[in-house]
Amino acid sequence: MKRSEKLFLAINEIDGDIVEEAKPKEEKPIQMKPEPRSPMKGIIALAACVAALAVGIFAIVKFKLGGDIESVPVQNGSDSFASDSTDSEYNSSDTDSADNGSEIDLTLTEEDLELQAILKELVPKAEEIDGMFGYLSPSGDKYTINFGRSPDGMMPYENTYYLVSEDMRTGNSMFAVPQSYDEMEKLISEYFSSQAAEDYMQHIGHGTLKEERDGILYVTGGGRFIEMNGNMYFSTDLDKPYYDGINIKYEGMGIDCETAKVTRQTDTIIEFTYWGRCYHSYDEYSEKEGILVKENGAWKLRYFYYNCFAPEIPVEFTEQDLELCEILKGLEPGNKTTDLFIGGLTKTGTEYQFVTTGITGNSREEYITGYFDLSSAEQEFDYPRSRDEFEQRLLPYFTREATDQYMNNVTKGLSMTQSDIDFFIYSVTVENNSNPIYIELDGKMYYRWDTADHRSRINYDTVKVIDRTDDTIVFSHVNIDGGSYHPKTERLVYERGGWKRDPFYQ
């Protein structure tokens, strides 16, 4: 249909009430005392009213035509999130602000138009990369990979993977699918900021093949992509096209470029709003926040895999922030010990059922829990062999107060007797904490597998100083997990000759 015909039909469909609402307030009847006036003034006034009404009608017509009138610089642009292309494999859901009663401000500045031009160049390519993570078409050689921590598969986590072939390309054939970890990092870094690229790269692992048995590859390492033995493997959701009755398909990154408006801009940052929806959460078409960062002379999206834009994460840092990051990185080795408290680390070794009874406190509670003798099998993790060794590993990196908090999960066993009721159950009396994660008993360390405790990881790209004195630094950082952002406040305390972490602060 010709553009003129669409315009004619759209005008015919305009409700009279809508036209009335489009009139400027000045048109509404008012009581006034008539005065003599020249005919020319009347003609000018009438012309002004007609012009105002025409603008209102023109805006309504443009909205109904979906921004198809070239003479209007601002377009609705809600036909596709993915790109200017209409034949994209990853077509985004159609959007219409009228569906949810929201109104989009289409008044644009020169800065807004420049931003939109940047996004229109970036977003289709970024979506092509984002779409690789879970939405590559299943093809090539197929493998079942087991990521259990033991060769006998006692902690089986298996998934189907496909070998990335040399001629494999992304969904719209914009890029060749990278054949290595380094190639993947280079491609992602072209369009995503360093923070965002680092987040994507967490889902690409270096795998080591431990053994192949009954057609299953037993591998250490994992992720959406695995580089192993000179090859790259990928997993995809498209080999199971439905999940809970929902058709699985890639919906794009949810950025309606033609609704983007600048809220703050510097030489290195553009903060903006846009209208769209998050493809992974099926939320409504609504106004959201986004950020571009200029790195190495090019604008890049600070958009995180499965988490979209994260406005809580800072993008500008002071000298104090950078200095703090270096201090924290120096304390990083302490995480090797605190990670031993997060649970689910091993199920190798001889298992015992302990009925543990604490002898301190006002009450004596009993628990029956499975514990593994860590001395009975070679362990993948470097566990301390005693409670004192645990404490000595923590003290160089954590405050005395934080160390005591961690050590509440490690106790000494005073006695162990076999139960009269069941041959496989033992009664164990411990010093404190009737249900500890670790028990040191008779020169051995026992570990409770079904547990979880505080993880002390820090995202260094989000660290900001809140307050600083000679012996205390209070700071914030943001963790990203499962589509949500978790701001956290911690502190460093200068004690025993150096800075120590207190992850339990607040």
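Figured I'd write up the structure that's included with this text. (Residues numbered from 1 in each chain as written. Predicted model: local features only at pLDDT ≥ 70, side-chain atom pairs only at ≥ 80, totals over all residues. Heavy atoms only, no water.)

Observations concerning the pairing of strand β4 (residues 208–213)
- Relative to strand β5 (residues 216–220), β4 runs antiparallel, the two sharing five bridges. Opposite Leu 209, over in β5, you have Val 219 as the bridge partner.
- The turn joining β4 and β5, which pair antiparallel and follow one another in sequence, is formed by two residues; a positive phi near 55° is taken by Asp 214. (Pairing = 2+ DSSP bridges. Helix = DSSP H or I, 4+ residues; strand = E, 2+ residues; numbered from the N terminus.)

Regarding the packing of aromatic side chains
- Per the stated rule, a full pass over the model turns up 30 aromatic pairs.
- A ring pair is formed by Phe 272 and Tyr 274, whose centres lie 6.0 Å apart and whose planes are at 45°; its orientation type is tilted.
- The class for Tyr 274 is buried, based on a relative accessible area of 2%.
- Here the aromatic cluster, defined as three or more aromatic residues joined through ring pairs, consists of Phe 341, Tyr 383, Phe 390, Phe 398, Tyr 406, Tyr 438, Tyr 447 and Phe 504.
- Seen from the ring of Tyr 460, Lys 329 lies directly overhead, with NZ or CZ sitting 5.8 Å from the centre. (Phe/Tyr/Trp six-rings, centres within 6.5 Å; stacked < 30°, edge-to-face > 60°. Buried < 20%, exposed > 50% of the residue type's maximum accessible area, 1.4 Å probe, protein only. Lys NZ or Arg CZ within 6 Å of the ring centre and 35° of its normal.)

A few points about the nonpolar core
- The biggest cluster of nonpolar side chains holds 46 residues, and the ones touching the most others in it are Ile 188, Phe 192, Phe 225 and Leu 301.
- In terms of residues, this core owes the most to one element, helix α4 (residues 110–130), which gives six residues.
- Non-local contacts of Leu 301, meaning those with residues more than four positions away in its chain, are made with Leu 119, Leu 122, Ala 126, Tyr 191, Phe 192, Ser 193, Ala 196, Met 253, Ile 291, Leu 292 and Phe 309. (Core = buried A, V, L, I, M, F, W, Y, C linked by side-chain atoms within 4.5 Å. Contact = heavy atoms within 4.5 Å.)

A look at the pattern of salt bridges
- Considering all chains together, one arrives at 21 salt bridges under this definition.
- In this structure, Asp 321 and Lys 464 form a salt bridge, with 2.9 Å as the shortest nitrogen-oxygen distance. Here the residue Asp 321 occupies a position in helix α8 (residues 319–330), and Lys 464 occupies one in strand β22 (residues 464–468), the gap between them amounting to 143 residues.
- A relative accessible area of 1% places Asp 321 in the buried class.
- Among the ionic contacts, a cluster of salt bridges with common partners joins Arg 224, Asp 237, Asp 239 and Lys 240. (Salt bridge = Lys/Arg side-chain N within 4 Å of Asp/Glu carboxyl O.)

A word on the pairing of strand β2 (residues 158–163)
- Relative to β2, strand β1 (residues 142–146) is paired through five bridges, and the arrangement is antiparallel. From the neighbouring strand, Lys 142 faces β2, where its bridge partner is Tyr 162.
- With two bridges connecting them, β2 and strand β7 (residues 231–234) associate as antiparallel partners. Opposite Tyr 162, over in β7, you have Phe 234 as the bridge partner.

Looking at the sheet that holds strand β6 (residues 225–228)
- Judged by pairing direction, the sheet is mixed, and its seven strands sit side by side in the order β3-β6-β7-β2-β1-β5-β4 without closing on themselves. Looking at which strands have only one partner, the edges of the open sheet turn out to be β3 (204–206) and β4. Going across the sheet, the axis of each strand differs from the next one's by a mean of 35°, ignoring polarity.
- Taken strand by strand, helix α6 (residues 181–191) contacts β3, β6 and β7, and its axis lies near 155° from that of β3. (Axes fitted to C-alpha atoms, helices over the stretch in contact; angles between N-to-C directions.)

Re the sheet that holds strand β10 (residues 256–265)
- Read from one edge to the other, the open sheet built from four strands follows the order β10-β11-β12-β13, with strand pairing classed as antiparallel. Since the sheet does not close on itself, it has two edges, and those belong to β10 and β13 (298–301), each with one partner. Within this sheet the neighbouring strands show an average axis-to-axis angle of 35°, counted without direction.
- Where strand β12 (residues 286–295) meets β13, four bridges bridge the pair, whose relative direction is antiparallel. Looking at β13, one finds that Glu 295 is bridged to Ala 298.
- Here α4 sits on the sheet and contacts β10, β11 (269–276), β12 and β13; the angle it forms with β10, its principal contact strand, is near 120°.

Keep in mind that these numbers describe shape and distance, not what the molecule does.
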